[in-house]
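Now for the letters of each chain:
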Amino acid sequence: MMDLHHVKYSRGQFKIQQMVFVLIAIIILFGIVSVFFVSIKFSSLHSDVENQKKEAVLEQVRKMAGTPEFVWTSSGSCAACVDLDKLILLKNRTSYKGFWKDISLLKVSRVYPRYQTEECTLLNYPDCNSITLVKGDNYESYESFVSLCRYDGGIGQTRCEMGKIIMGFEPVK
Amino acid sequence: MNRNGLDFTFTWMFAIIAGAVILFSAIYITTKLIGSSEIQRDTFVASELSNILSPIETNLEDSKYSLIEFTSDTRVFNDCSNSGVFGKQEISTASRGSIKEGWSKQSISKSSFNRYIFSREVEETNNKKMHILASPLNMPFKIADVMIMHGGNYCFVSPPDDIKDNFLDLSSDGARDIGINISSNVNLCPQNYTRVCFNVNGCDINVNTQSQVVKKYGKESYYYGDSLQLAAIFSDWKVYECQIKRLARRAGELGVVYKSKALYVEGSGCSNNLVSDLDSFVLATNINNSREFRQIVQIAKDLEESNDGLASCKIF
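As a starting point, this report considers the structure included with it.

Parameters at a glance
- Residues numbered from 1 in each chain as written.
- Chains lettered and ligands numbered in written order.
- Predicted model: local features only at pLDDT ≥ 70, side-chain atom pairs only at ≥ 80, totals over all residues.
- Axes fitted to C-alpha atoms, helices over the stretch in contact; angles between N-to-C directions.
- Helix = DSSP H or I, 4+ residues; strand = E, 2+ residues; numbered from the N terminus.
- Parallel < 35°, antiparallel > 145°, perpendicular 65-115°, else oblique.
- Left-handed = near helix turned anticlockwise from the far one by under 90°.
- Contact = placed C-beta atoms within 7 Å.
- Nonpolar A, V, L, I, M, F, W, Y, C, P; charged D, E, K, R; others polar.
- Expected span 1.5 Å × (residues − 1).
- Buried ≥ 20, exposed ≤ 12 C-beta atoms within 10 Å, placed from the backbone.
- Pairing = 2+ DSSP bridges.
- Right-handed = clockwise from strand over helix to strand, strands pointing away.

1. Here's the deal with the packing of helix 4 (residues 237–267) of chain B against helix 5 (residues 275–284) of chain B
All names here are of chain B.
Item 1. Remark: helix 4 packs on helix 5, axes separated minimally by 9 Å, with the N-to-C direction vectors making an angle of 165°. Considered as vectors, helix 4 and helix 5 are oriented roughly antiparallel to each other. For the pair helix 4 and helix 5, the crossing hand works out as left-handed. Contact residues: helix 4 offers G252, G255, V256, Y258, K259, A262 and L263, while helix 5 offers V275, L278, D279, F281 and V282.

The structure is reproduced here in C-alpha cells:
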C-alpha cells in the first residue's frame, strides 16, 4: 500500500500547483474588482434612471394643461385652463388606460372652493374635489397650479375655479 | 532526455496558455463593457430627447422652433407602430463614438403613446444639431402636436408666402439657422441639400399645393393644412402614413370624449346639435392611409362651423 505521507512530487507538478494557486488568486482578485465596479455602475445607473423619470414628470406636469385631453378651449384662449367636464368623462374611458406612460399618478384637484366629497364620479360631479385618472401604489409627486373650468348650468356660463394637476412617477426600487 | 528542458517548456506553455486566456478574456470583457456603456449612454440620450420634447409642445402657440444640440454626432431612429388603441412612437439613438470608429449599436427605445414625430426613419444630426418644429393639429379641436425633426440642409424653392412667413418668424427674420434655406431657383440651392419644389417638378421633393400632395422618391403623401404639409415634406413615407393613422385614432378617441361632453352639457341645459356630427367625425377617423385622412376634413369644417355658432355653449 502507498504511504501518502511519503508521496514525492516532481518539480514540474509543484510548479503547476503554484501556477494554479496564482491563477485562482488572480481570478478572485478580478472577481472582487468586477463586483466593486458593477456595484458602482449600478448605483449610478439607479440614480440616473430615477433622475430621468423625475425630469420626465416635471416637464410633463408643466405642459399637461395644454394637452388635447386636458385643454379648455370653449371660451377663448387660456393657457392654464383645464376642461373638467372632459376629464370626468375621460375617467371611465378604458381606451385611455396606459395612455400616460411611466406616470403612476395623474390627478386633478380643486384647491378652492372645497367640497365634502373627495373623489369625483359621474354621480357626484361637480360637487367633488378630485378626478384621478391614474393611480399606482408608490409614487413621488409634483404639482402645477391651473384653472379648472366647466360649464355651469346653474349660471348658464363657464365657471373656472382654482386647482392643480398632480403627477407622480414610481421611484426605482 | 533533459528533464530541466522539459520542465521549462511545460511551465512556459502553461503560463502562455493561461496568460492568453486571461488577456483575451480581459479584452473581450472590456469590449463588451464599452459596447454596453455605449448602449446605456445612447439610451439615456433617447430618454433625454423624449423629455426635451415635452416643453417644445405647443399650448396656445401656432408653431414653435427648438434646436437640440447633442454632444456627439447622433442618429435618431424614429419607429412608429399602429398597434394598440393609440399606436406607439418609439425613439432610439446611436452615436458616433470617440473610442470606436463608426456608429454605435442602436440603443433601447423610449416609447410614448401621445407623441407624433415626423422625420426620416433614421434622422442624422448635422454638426451635432437637430432642428425641431412643433405645431398643433386642430381638426377642429386640438388633436395633437405635430413634431417635425430634421437634421437640416433643406432648400425650399419658391415656397408659398405663408410657409415663407412662418419660417421667417421661426428664424427671427433669418437671424437663427433653422436648417432650411429659401431659394428662388433650384440651381441656387447649395450642393448636397435636399431640394423642395412647390408646384413645379425637378426637385428631390415636389409639393403640389393645389391637390395637397407631397411626392417624394416616387411615393405620394396627402396632407391637410400647413403643419401636415411640412410633416409630409420632412418625413419618410412610411413614418408619415403611420403617424397619420395614429393621429386619426387620437382624433377618434377625442371625438368620443367631445360627444360625451356635448351630451353632458345638453343635460345641463346647454343645447347644441353636435352629437350626430361628432358621431360622423368619429366614424370618419377609421382610415387606412393619408388620402383617406382628408375625408375627415370636411366633417371637421362642418363641426367647427356648428360649434362657433354656439354662444356660451361651445363644446371645444
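2. Some details on the interface of chain A and chain B
Item 1. Contacts between the two partners involve 35 residues from chain A and, on the opposite side, 40 residues from chain B.
Item 2. Of all the secondary-structure elements, those providing two or more residues to the side of chain A that touches chain B are helix 1 (11–63) and helix 2 (84–90) of chain A.
Item 3. Considering every element that reaches the side of chain A that touches chain B, the biggest residue donor is helix 1 of chain A, with 15 residues.
Item 4. A class-by-class count of the residues in the side of chain A that touches chain B yields twelve nonpolar, twelve polar and eleven charged.

3. Some thoughts on helix 4 of chain B
Residue and element names in this part refer to chain B.
Item 1. When the terminal C-alpha atoms of helix 4 are compared, their 45 Å separation across 31 residues agrees well with the 45 Å that a helix rising 1.5 Å per residue should span.
Item 2. With 24 of its 31 residues buried, helix 4 lies for the most part within the structure.
Item 3. With its phi angle positive at about 90°, G269 sits one or two positions after the end of helix 4.

4. Brief notes about the pairing of strand 10 (residues 180–183) of chain B
All names here are of chain B.
Item 1. Examined bridge by bridge, strand 9 (residues 154–157) and strand 10 share four bridges and lie parallel to one another. What sits directly across from V157, in strand 10, is S183.
Item 2. You can see the chain leave strand 9, run along helix 2 (residues 161–170) and come back into strand 10, and the turn it takes is right-handed.

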